Amino acid sequence: MKTVHNFNAGPCVLPKPAIEAGIEALKDFKGSGMSVIEISHRSKDWEASMAECEGLWRELLNIPDNYKIIFVGGGASTQFMMVPFNLLENKAAYLETGVWAKKAFAEAKLCFGEKAVKVASSADKNFTYVPKGYEIPKDADYFHITTNNTIYGTEIHKDLDSPVPLVADMSSDIMSRPVDVSKYGIIYGGAQKNVGTAGVTFVIVREDLLGKVSRAIPTMVDYRTQIKEGSMFNTPPVFPILIMTETLKWVKANGGVPGMYERNLKKAALLYNEIDRNKMFIGTAEKEDRSLMNICFVMNKGYEDKEEAFMAFAKERGMVGIKGHRSVGGFRASVYNACPVESVQALVKCMQDFEQVNG
């Protein structure tokens with residue numbers, strides 16, 4: 001098999017043990033003689049797998065008992081609609097820090113008009129920083145944030161103190177650093193960054209927040225539907241959930257969330273230090289808001305004409321997925337949990353070699 005260094009933003013690199021376990025389950029799930037994608041989701045073996053997955057989430061994030069965990073389809077983008085349907089009665093406040101935060105706000109506004117309000121935005125500087133000094137409306141039903149911004153490479157590094165229920169899209173930094181779940185009303189995200197493959201979305205919700213709105217909520221949009229049925233009101237995405245379970249087992253075996261955080265700090269420091277040292281490159285995000293997950297940079301002034309040459313140079317050395325998002329250009333290295341430090345070291349060496357040849 002060809003050796004590459006995978007920096008794709010998502011779907012992204014997965015732990016090898018999770019991939020291998022997935023292959024075996026596709027062949028024969030728990031000795032059943034059937035593939036995991038053939039079995040009944042009502043079987044005892046699958047119900048045990050669902051329970052194992054939830055148990056790992058609770059253990060790794062120390063999730064309190066008054067929070068429910070559900071696994072659903074539709075991607076995190078569907079949550080942009082489900083959150084306001086379940087929580088918004090009078091006002092919802094949003095922090096705009098990037099494309100996905102902007103889309104979450106737009107969806108709430110589409111569904112509920114002026115009840116959705118924007119508290120602050122970093123659009124004025126192309127989302128290269130996280131706004132500060134804003135005031136969260138105390139009469140809001142919730143305050144929505146996107147903790148990590150994959151396209152622009154910024155991240156909210158600490159749990160915020162909010163006077164109203166805090167709702168967080170953690171699609172791209174869940175399990176990458178310690179989180180105090182009790183500070184949040186809802187945490188949700190797509191699995192395909194740090195906790196699995198595309199096809200399943202996790203939602204962690206404080207149960208007492210539900211059932212408060214006066215409107216009728218469509219059955220499939222109501223969180224209580226999936227909570228009541230243990231995420232099996234309809235057929236769950238069994239294979240993505242299995243990969244999620246195996247990925248979380250790998251996280252646990254490698255030091256849990258604290259272990260991931262230590263690993264991620266090291267990887268990010270390696271690459272940011274090289275970006276800051278190398279005269280040919282420059283980072284795009286404000287240093288205090290730099291993401292540990294998505295490291296964005298461009299060619300420095302005077303070297304702009306070398307962008308395509310560096311892309312070709314990096315590709316020859318096995319770098320995959322470092323092209324920046326089409327809306328910002330440049331480069332982006334996504335260094336999620338399963339990205340090995342050796343890949344980051346290889347990218348740093350690639351940048352050093354390119355500077356030596358072209359600087």
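The model shown is predicted, which means the values in this text are computed figures rather than measured ones.

Novice: Requested: an account of the nonpolar core, with residues and values cited.
Specialist: Across soluble globular proteins, you tend to see nonpolar side chains buried next to one another. Of all hydrophobic cores here, the largest spans 85 residues; its most connected members are Trp46, Trp57, Phe71 and Phe310. Not counting residues within four places of it along the chain, the set of residues in contact with Phe71 comprises Met50, Cys53, Glu54, Trp57, Val200, Thr201, Phe202, Ser231, Ile241 and Met244. Within the second largest apolar cluster, 29 residues are counted, among which are Phe80, Met82, Phe105 and Tyr223.

Novice: Talk me through the sheet that holds strand 10 (residues 201-206); I want residue IDs and the actual numbers.
Specialist: The strands that make up a sheet are held in pairs by hydrogen bonds between backbone atoms, and each pair lies either parallel or antiparallel. As summarised here, the arrangement of the seven strands in space is 2-10-9-8-5-3-4, forming an open sheet in which the pairing is mixed. Only two strands of the sheet have a single neighbouring strand rather than two, namely strand 2 (67-72) and strand 4 (116-121). In this sheet, neighbouring strand axes are inclined to one another by 20° on average, regardless of whether the strands run parallel or antiparallel. Across five bridges, the pairing between strand 3 (residues 92-96) and strand 4 is parallel. Across the sheet, Leu95 pairs through a bridge with Ala120, a residue of strand 4.

Novice: Mind laying out the packing of helix 6 (residues 238-253) against helix 7 (residues 256-277), listing which residues take part and the relevant values?
Specialist: Running from amino to carboxyl end, helix 6 crosses helix 7 at an angle of 80°, the nearest separation of the two axes being 7 Å. Classified by the interaxial angle, the pair formed by helix 6 and helix 7 is roughly perpendicular. Between helix 6 and helix 7, the residues in contact are Trp250, Val251 and Lys252 and Gly256, Val257, Met260 and Arg263, respectively. Taken together, the residues of the contact of helix 6 with helix 7 break down into four nonpolar, one polar and two charged.

What counts and how
Along each chain, residue indices are assigned from 1 in the same order as the chain's sequence is written. The predicted origin of the model limits local features to residues at a pLDDT of at least 70 and limits the giving and counting of side-chain atom pairs to 80 or more, whereas totals for whole chains, interfaces and linings rest on all residues. As a convention, hydrogens and water are excluded, and side-chain values are obtained from all of the structure's heavy atoms. Working definition of a nonpolar core: buried Ala, Val, Leu, Ile, Met, Phe, Trp, Tyr and Cys residues. They are joined through side-chain atoms within 4.5 Å. Each residue gets one of three labels from its accessible area relative to the maximum for its type: buried under 20%, exposed over 50%, partly exposed in between, using a 1.4 Å probe on protein chains only. Contact definition: two residues touch when any of their heavy atoms are within 4.5 Å. The pairing criterion is simple: DSSP has to find at least two bridges between the two strands. Here a helix means four or more residues in a row that DSSP labels H or I, a strand means two or more in a row labelled E, and each is numbered from the N terminus. In this analysis an axis means a line fitted to C-alpha atoms, helices contributing only their contacting stretch, and an angle means the value between N-to-C directions, from 0 to 180 degrees. Note on terminology: angles under 35 degrees are roughly parallel, angles over 145 are roughly antiparallel, angles of 65 to 115 are roughly perpendicular, and the others are oblique. Only Asp, Glu, Lys and Arg are considered charged in this grouping, and only Ala, Val, Leu, Ile, Met, Phe, Trp, Tyr, Cys and Pro are considered nonpolar; every other residue, Gly among them, is considered polar.

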